[in-house]
Amino acid sequence: MIGMTLTRYVSGRFLTAILGLIVMAATLLFLFDFLELVRRGGDREGFTVARVALISLLRVPMLLEQVLPFAALFGSIAAFVALSRRLELVIARAAGASVWQFSAPALLVAIVLGIASITLFNPAAVYLKDKSDALGVSLFGNEQKLLLQTTSEAWLRQDGLDGETILRAKQSLDQGLRLFGVTVFTFNKDGSFRERIEADSARLDDGAWNLEGVTVYTAEDEPRTYASYIVSTYLGPLEVRESIAAPDSISFWELPRFIELAQRASLPAHRYSLQYQMLLARPLLLTAMVLIAAAVSLRISRLGGLGKLILGGISAGFVLYVLTELAKDLGGAGIVSPVIAAWSPGIVATLMGFTILLHQEDG
């Protein structure tokens, strides 16, 4: 009975602390993003506060995914510090509870939040981010990238019935199947330059890019405008997604199918395999953050030195984040296996956290 009561109490404290920090982070992200959009586009035609607020609000979940590990770290530190200052940890230890008994509920909360974030929150964040980009394009057109600082420019070299083309787009939606602010450089069969095409938008259909709002420039004639224009391509949706779509634009549930299709087509899929493995490893990463906070809390309850030890825990969390980003870059470049790149930071940090706790508990 004592164990169940302690578990429910500690779990509730940790869940409240972490969710509170997530809400605080979401509020700050929304305010900063909203104010930045107002600063950048406040004088644009059709710019309204309500529309910009909606765009920022839809972008917040995707931004929150980046700060979730820090929310787990800071929330756990805050919960442990509160328990320590009120001597609740001392009372729990006096009642016979070990460090593992009052740390287990916090670890359980981290694992549950990690699973919920990849199975529920990530698909919702990807969906809302896509809606935000679509709304931004409808409001700002080709200035979407400048105003919202969304996806970077996409370049694509392709071949088709009419020869080779080089395609550049300022903004992409639907994982690269819809492009905006498009420039196409076309070449003849012998490789000589033929024309430059400027288009407001492009959509991939069967064997061709359908361009709208087109202006065609050639060396011999005056510029010509067309309502629509077709550029042939041998690329299919899978090849375009592999070349243009960002890994974080694909939800957790869609990644396995995309990776399988890419591998069957003999296309490199290590960036998307890395994204999938990093999502799977997120509960372990959150667990490592809680273990770092637990190591800090034990030192506080015994020896004091609150400020320095919290600073040490925060520094350890940032070091773990830097190592995670470094492993992500190595895995994204194909230098190391996606599995190793995604799981090694969490495994190393978890083992170090357990080692510190064992040393502090048993000497």
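Not measured: the values here are computed from a predicted model.

Cut-offs applied
Residues numbered from 1 in each chain as written. Predicted model: local features only at pLDDT ≥ 70, side-chain atom pairs only at ≥ 80, totals over all residues. Heavy atoms only, no water. Pairing = 2+ DSSP bridges. Helix = DSSP H or I, 4+ residues; strand = E, 2+ residues; numbered from the N terminus. Axes fitted to C-alpha atoms, helices over the stretch in contact; angles between N-to-C directions. Core = buried A, V, L, I, M, F, W, Y, C linked by side-chain atoms within 4.5 Å. Buried < 20%, exposed > 50% of the residue type's maximum accessible area, 1.4 Å probe, protein only. Contact = heavy atoms within 4.5 Å. 1 Å grid on protein atoms, 1.4 Å probe; cavity = no way out; pocket = protein on both sides within 12 Å on 5 of 7 lines; lining within 4 Å. Points joined across faces, edges and corners; volume = space filled by probe spheres on them. Nonpolar A, V, L, I, M, F, W, Y, C, P; charged D, E, K, R; others polar. Phe/Tyr/Trp six-rings, centres within 6.5 Å; stacked < 30°, edge-to-face > 60°. Lys NZ or Arg CZ within 6 Å of the ring centre and 35° of its normal.

## A word on the sheet that holds strand S2 (residues 163-173)
The sheet built from six strands is open, its strands ordered S1-S2-S3-S4-S5-S6 with antiparallel pairing. Looking along the sheet, the strands with just one partner apiece sit at the ends: strand S1 (154-160) and strand S6 (224-232). Each strand of the sheet is rotated relative to its neighbour by a mean of 30°, with strand direction disregarded. Both S2 and strand S3 (residues 178-187) contribute to a ladder of eight bridges, which runs antiparallel. Its bridge partner being in S3, Ser172 is matched across the sheet by Leu179.

## Observations concerning the nonpolar core
Counting 40 residues, the largest nonpolar core has Phe14, Phe80 and Leu320 as the members making the most contacts within it. For this core, the secondary-structure elements that each account for two or more residues are helix H1 (2-41), helix H2 (49-85), helix H3 (88-94), helix H4 (99-140), helix H9 (282-303) and helix H11 (338-362). Top contributing element to this core by residue count: H2, with eleven residues. If we skip the residues at most four places from it in the chain, Leu320 touches Leu285, Ala288, Met289, Ile292, Pro345 and Ala349. Residues Leu167, Ile197, Ala202 and Leu211 belong to the second largest nonpolar core, which totals 19 residues.

## Overview of the pairing of strand S5 (residues 208-217)
In this structure, strand S4 (residues 193-205) lies alongside S5, joined through nine bridges in antiparallel fashion. What sits directly across from Ile197, in S5, is Val216. Turn length for the S5-S6 hairpin, with the two strands adjacent in sequence and antiparallel, is six residues.

## Here we look at the environment of Leu28
Take Leu28: it is sitting in helix H1. Counting along the chain gives 32 residues from Leu28 to Val60, while the straight-line C-alpha distance between them is 9.6 Å.

## Here we look at the layout of surface pockets
The space that makes up the second largest pocket amounts to roughly 350 Å³. Lining the second largest pocket are 20 residues, with Ile292, Ala316, Ala349, Met352 and Ile356 positioned closest to its centre. For the lining of the second largest pocket, the elements supplying multiple residues, two or more each, are H9, helix H10 (306-332) and H11. For the lining of the second largest pocket, the class distribution of residues is 14 nonpolar, five polar and one charged.

## As for the packing of aromatic side chains
One pass over the structure, following the stated rule, counts ten aromatic pairs. Between Phe14 and Phe80, the ring centres sit 4.6 Å apart and the planes meet at 75°, which makes this aromatic pair edge-to-face. With Phe14 in helix H1 and Phe80 in helix H2, this residue pair connects regions lying 66 residues apart in the sequence. Across the pair, exposure class does not vary: Phe14 and Phe80 are buried alike. Both rings, one in Phe30 and one in Phe34, keep their centres 5.9 Å apart while their planes meet at 15°; by these two values the pair is stacked. A residue pair is termed a helical-turn pair when its members lie 3 or 4 positions apart in one helix, as Phe30 and Phe34 do in helix H1 at four residues. Lying across the ring of Tyr217, Arg196 places its NZ or CZ 4.4 Å from the centre.

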